[in-house]
Each structure stands twice: as structure tokens, then as C-alpha cells.
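# A look at the structure
Listed here are the chains, written in short residue letters.
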Amino acid sequence: MSSFGQILKEIGEFGLFQKQLLAALCMPTMFAAFDVIGQVFATINFPHHCNTDWILERGPNLTEDRQRNLTLPVNKDGKFESCEMFTPVDLDLETIEKYGINATTGCIDGWDYDVPKGSSGIVNEFDIVCDRSGLIEASQSISMAGILFGALAYGAISDRFGRRFAILLALVVELCCGFGAAFSPNIYVYIVLKFFCASSSVVISMVTSVMAVEWTDPSKAALCTQLIVLFFPIGLTVLSGVAYLIRNWRILQMVLFSPLLLVLGFLYWFLPESARWLLSQGKKEEAQKVLERAARVNKMKVPHDLIDKLNMGGTSANKTILDIFRIPYLRKRTFIMGYNWFAASLLYYGLSLNVGSFGLNIYLTQFIFGIAEIPANLTAMALIQTFGRRISQGSFLMFGGAACLVVLAIPNDLPVVVTIIALLGRVSATAGFSTAYVYTAELYPTILRQNGLGLNSMCARVGGILSPLIRLLDVYHYTIPMIVYGVIPIAAGALCLLLPETLNVPLQDHAELK
């Protein structure tokens, strides 16, 4: 009886074939950054005030400043109100100038925006201001819900129909919805398209990382996953540059997602199915074809005798996500790792919201955030290969949680120190996220790997949704949010000690009933 690991050794565990495959699998992750963070640039809020052209009927020659002085109330800061205007009156201009108008109302004729030449966003195009401004937050929350939906859906699709099918399907949906969002006639169509785009964009790194892990030996699993995840912050830096040059959100949307057509075409031609998955489904003939292709590229030979003797544990029967909860040891791993994903997400978004403004423009700030995550991923890659997954994952989360608690002890008159510590915590959260991708994939058997990763990824989305809500607890005491952001990751890090170490351990193909 042979194992897939033995076959992999014969055809090459990390030869030219695997390197080409890894390079191809890295590309889709950049588009996930375009989708998630691209909303920041599409929803830029330009200065605005109520449209008061009604007064021009009384005085067509009024200057813009004079028009505003007569028709817009001033707030306590001495600036014109954005969402209020003086109620239109049936008086002549001379009377209005002499006595003024006292009654106010909301904007009844729309808004005027101070938009730089060549710029455009969904806020000014769809009038998402004042009492409609909540639609921006709703759009972002629904987008996060889309990621949660996609994590479960693509996990099941990948384990049922294969890794290749799931990747190509995700790219098709992302291309259609991401590019199609540029033609949204209103905010509601935009929200629906962003939901489905998010359901495919972020989770694609989950599917591609599993594909990469299943084609390599355990010693290279971390490298493959970390490189794929690394292209997310690379995508952030590229996005900031492209968005700086293209200020029209519709054109930006098309420019960002149109290259997906080339990526999709290339991957459709190049991308193989996971031989490990094919064998787990009892499809030996199809597996033999892709193994022969890999061996040919690696200049090796396919061990047909080993394939004939291969026993994947009778895994041809389809498994579902419910099997994860039926098997005790998988259930335990899921609860612990799910909490880890939840904590990492809570920590990441919690610290991101509390870092505060750097006093830089939005494009430069986003560029700095993207750059900061690159060394975080590279550091995580080195540490998990040296100290193992379990210790590294626990340490990242505990260090990030401790950073939140340390911030509370620093005086408010030392903002630079606070920012540095908060950023260190954010880097730890990033490292914890990337490590979780590696660790989780290694904790599940092949027939349930994608379902397991999808279930854990879903927990991360719950953390992302709850993170801003926790900030509302500062109405009771300003320290409560940071305490929550600190304690939850520390507890998650401690629970990692209950998990098995997977460094250099061969991947499990079938689920043992123990």
C-alpha cells in the first residue's frame, strides 16, 4: 500500500511544475484586495451642501458665496451645514437679504458637491449623503456577509466538484460582478454586485492555497500558502497607485477588474486539478493524467505501480461539512481554529479602527498599510518553519492582544508611541491570519479540507462584522473596546496549545473515525 506522498516524491515534490503552478495561483489574490479595499476609494465622501438654486429665480446674478450665505445655515464651527437649508420662501430677493430666513429644512432639491475635476464616486453619483449615508456602511457590511457566504459555498463546491472548478467559477463571478459594478445604475444594484463579488474574491485565496498545498510536500506547504496570501498586500499597494491616477470610480472599477479576463483565460488553459483530490474521489485515471503532466514538466517518471497500490482510505464517498462535526477530533480542531480565525479578524479590524489618522491623504495611507503587511507575512513564513505552526499561531495572537492592553497603559500625550504599538499589534494580526491559512489546511483531511477552511474563514467574517460594533462599548468606558480586542486574542492563542503540530507532517487524506 502506498501513499500520495510517496507518489509525489517520485514525480517531484517541488519541481518546475509546482513552481509554475504556484506562480499562477498567486495572481487571483491581488484582485481580492482590489475588491475589498477598492470600496474605500469608490465611497470617498466629497464636501457637499443642499442645492438651493431656487433663490436664483429671485436673483439670477447672485455669486455662489452670496447664494450660500442667504440659503444655508451655519453650524457651531462656522461652516455651512451639509444636510440643512433655509426653507424656500415666496419673497423677493431684497426682502430676503434684508430680513433673512429663519426656518430650516432638509435638502429638498438634492445636493451640490465640491468634486475635483475628473473625480467621481458613488456618494455623489447616487446621493449617498445625509439620511442616506448609512447605505455606505450597509454596503460594506453586506460585502462582508458576501465573504461569509462565499467561505461556506466555495468550501462545499471545492470538496464536491474539485479545486480547479471552484477557482474558475470564483474568477468568473468576480469578473462579471466586479466589472459589472462599474455600470450600476443605483446604489442597490451596486450593493448586490459587491455581495457576489466579495463572495468570490476573498475566498479565492482559500481555494488556491489548498490547491498549492495538495501539490507539494509538507515542508513547502507554508511557503506556498504564505506567498499566495502575500499577494493581498501587494495588491493593496498596486491599488493605491492605480486609484491615485484614476479618480473616476467607474473607470477605476473597469481598469481593476478587466485584467481578470486574461487571468481567467490563462488559468482555464493551464490550471490542473488537484491529483490528491482526484484520488480521494476514486478518479485514478484522471489523476494519472495530471500526474503524468507534472512528471513530464519535472522531467521525472510516473510510478504507475504506486498509483495501483494507492489506498486513499475509501474516500470516494462524498463528505459534507456536517462530517466535520460528527468526527470528534475534527470537531475539536474546528472549534479551536474557528475561534482563532475570529480572534485574528477581531484584532486586525479592531486595531485598524483605533490606529487613527496619520495625517496623510487616503492614497498614501493605504500604500503604507499595504507595505506594512508584506514584512508581516514574510516574518510569519520564517517563524512557522522554524518554531512550528502551533507556537507561532499562538504567539502572534497573544502578542497582538497584549499590544491592545499595553496601549491602555500609555498616556494620551504620547500618540506616536501608541501608534507604533498599535501597528505592531496589527502586524501580529496579519501574521496570525496568514499562519491560520497554512495551519488550518494541514489540520483537515483532503476530502474535508476545503470545507474546513471555509468554515473557519466564516468565523473570521463574523469577527470582522462585530469588530466595529465593539467600539460602541466605549460609551460605558473608553477602555472596554481595547480590553475586548486584547483578551479575546490572548485566549485564542492559549487554546492553540491544545492543537497538534503539523510542521513537516504528511497531509492526511481521509478522516479517521476517532
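Residues numbered from 1 in each chain as written. Predicted model: local features only at pLDDT ≥ 70, side-chain atom pairs only at ≥ 80, totals over all residues. Heavy atoms only, no water.

Two quantities define a packed helix pair, namely the angle between the axes and the distance from one axis to the other. As a packed pair, helix H7 (residues 163-180) and helix H8 (residues 187-201) sit with axes 8 Å apart at the nearest point and diverge in direction by 145°. Where H7 crosses over H8, the two elements pack in a sense that is left-handed. Across the interface between the two elements, Ala170, Val173, Glu174, Cys177, Gly178 and Gly180 from H7 touch Leu193, Phe196, Cys197, Ser200 and Ser201 from H8. (Axes fitted to C-alpha atoms, helices over the stretch in contact; angles between N-to-C directions. Helix = DSSP H or I, 4+ residues; strand = E, 2+ residues; numbered from the N terminus. Left-handed = near helix turned anticlockwise from the far one by under 90°. Contact = heavy atoms within 4.5 Å.)

Considering all chains together, one arrives at two disulfides under this definition. Between the sulfur of Cys50 and that of Cys107 lies a disulfide, 1.8 Å long from S to S. Between Cys50 and Cys107 the disulfide shows an S-S torsion of about -65°. By sign, it is left-handed. With Cys50 in strand S1 (residues 48-50) and Cys107 in the loop between strand S3 (104-106) and strand S4 (111-113), this pair connects stretches of sequence that are 57 residues apart. The class of Cys50 is buried, set by a relative accessible area of 0%. When the bonded cysteines of the chain are counted from the start of the sequence, the pairing works out to 1-3, 2-4. Cys459 takes part in no disulfide bond, and the closest cysteine sulfur to it belongs to Cys496, at a distance of 14 Å. (Disulfide = S-S within 2.5 Å. Buried < 20%, exposed > 50% of the residue type's maximum accessible area, 1.4 Å probe, protein only.)

On to the packing of helix H2 (residues 16-42) against helix H12 (residues 260-270). At a minimum axis separation of 11 Å, H2 and H12 run at an interaxial angle of 150°. The angle between the axes of H2 and H12 places the two elements in the roughly antiparallel class. In the crossing of H2 with H12, the sense of the turn from one axis to the other is left-handed. Contact residues: Gln20, Leu21, Ala24, Met27, Pro28 and Phe31 in H2; Leu260, Val263, Phe266, Leu267 and Phe270 in H12. Across the contact of H2 with H12, the residue classes break down as 10 nonpolar, one polar and no charged. (Parallel < 35°, antiparallel > 145°, perpendicular 65-115°, else oblique. Nonpolar A, V, L, I, M, F, W, Y, C, P; charged D, E, K, R; others polar.)

Moving on: the packing of aromatic side chains. Summed over all chains, the structure comprises 18 aromatic pairs. On the numbers, 5.8 Å between centres and 50° between planes, the contact of Phe179 with Phe183 is tilted. For Phe179, a relative accessible area of 29% puts it in the partly exposed group. Residue classification places Phe183 among the exposed positions, given a relative accessible area of 52%. (Phe/Tyr/Trp six-rings, centres within 6.5 Å; stacked < 30°, edge-to-face > 60°.)

Once that is clear, we can look at the confidence of the model for the chain. Scored by pLDDT, the chain has a mean of 84; 92% of the residues are at 70 or more. Per-element confidence in the chain is highest for H7, whose mean pLDDT is 94, and lowest for helix H15 (residues 304-309), whose mean pLDDT is 67. Every residue in residues 355-359 scores below 50 in pLDDT, and together they form seven contacts with partners more than four places removed in sequence or on other chains. (pLDDT = per-residue confidence, 0-100.)

Structurally, the position occupied by Val487 is in helix H22 (residues 480-495). Spatially, the C-alpha atoms of Val487 and Met398 are 8.6 Å apart, while their sequence positions differ by 89 residues.

What follows is about the pattern of salt bridges. Pairing between side chains of opposite charge can happen when their charged atoms approach one another. If you walk through the whole model with that rule in mind, you get 11 salt bridges. Residues Arg66 and Glu97 are paired through a salt bridge, measuring 3.6 Å at the closest nitrogen-oxygen approach. Of this pair, Arg66 sits in helix H3 (residues 64-71) while Glu97 sits in helix H4 (residues 93-99); the two residues are 31 residues apart in sequence, bridging distant segments of the chain. Under the relative-accessibility criterion, Arg66 is labelled partly exposed at 32%. Residue class for Glu97 comes out partly exposed when judged on its relative accessible area of 37%. Between Asp114 and Arg68 there is a salt bridge, and its shortest N-O distance comes to 3.5 Å. Taken together, the residues Asp114 in the loop between S4 and helix H5 (122-125) and Arg68 in helix H3 connect sequence positions 46 residues apart. Judged by its relative accessible area of 37%, Asp114 falls in the partly exposed class. A network of salt bridges, in which partner residues are shared, links Glu57, Arg58 and Asp90. (Salt bridge = Lys/Arg side-chain N within 4 Å of Asp/Glu carboxyl O.)

If you look at the biggest cluster of nonpolar residues, it comprises 135 residues, and the most contacted ones within it are Ile11, Leu21, Leu25, Ile167, Ile187, Trp215 and Trp341. For this core, the element with the most residues is H2, which contributes 13 residues. The contacts of Leu25, once residues within four sequence positions are left out, are Ile167, Thr208, Met211, Ala212, Ile228 and Leu271. Listed in part, the six residues of the second largest apolar core include Ala222, Ala380, Ile384 and Ala431. (Core = buried A, V, L, I, M, F, W, Y, C linked by side-chain atoms within 4.5 Å.)

Here we take up the environment of Glu137. Structurally, Glu137 is set in helix H6 (residues 134-161). Taking the relative accessible area as the measure of exposure, Glu137 reaches 47% and is therefore partly exposed. Through-space distance from the C-alpha of Glu137 to that of Thr43 is 10.0 Å; in sequence the pair is 94 residues apart.

Residue placement: Ser119 occurs in the loop between S4 and H5. With residues up to four places along the chain from it excluded, the contact list for Ser119 reads Phe46 and Arg247.

So, about H12. All buried positions along H12 are accounted for by Leu260, Val263, Leu264, Leu267 and Phe270. Down the axis of H12, the smallest arc covering the buried residues is 145°, so these residues share one side. Among the exposed residues of H12, those oriented more than 90 degrees off its buried face are Leu261, Leu262, Tyr268 and Trp269. Next to the buried residues of H12 lie H2, H7, helix H11 (249-257) and helix H14 (284-297). (Arc of directions from axis to C-beta.)

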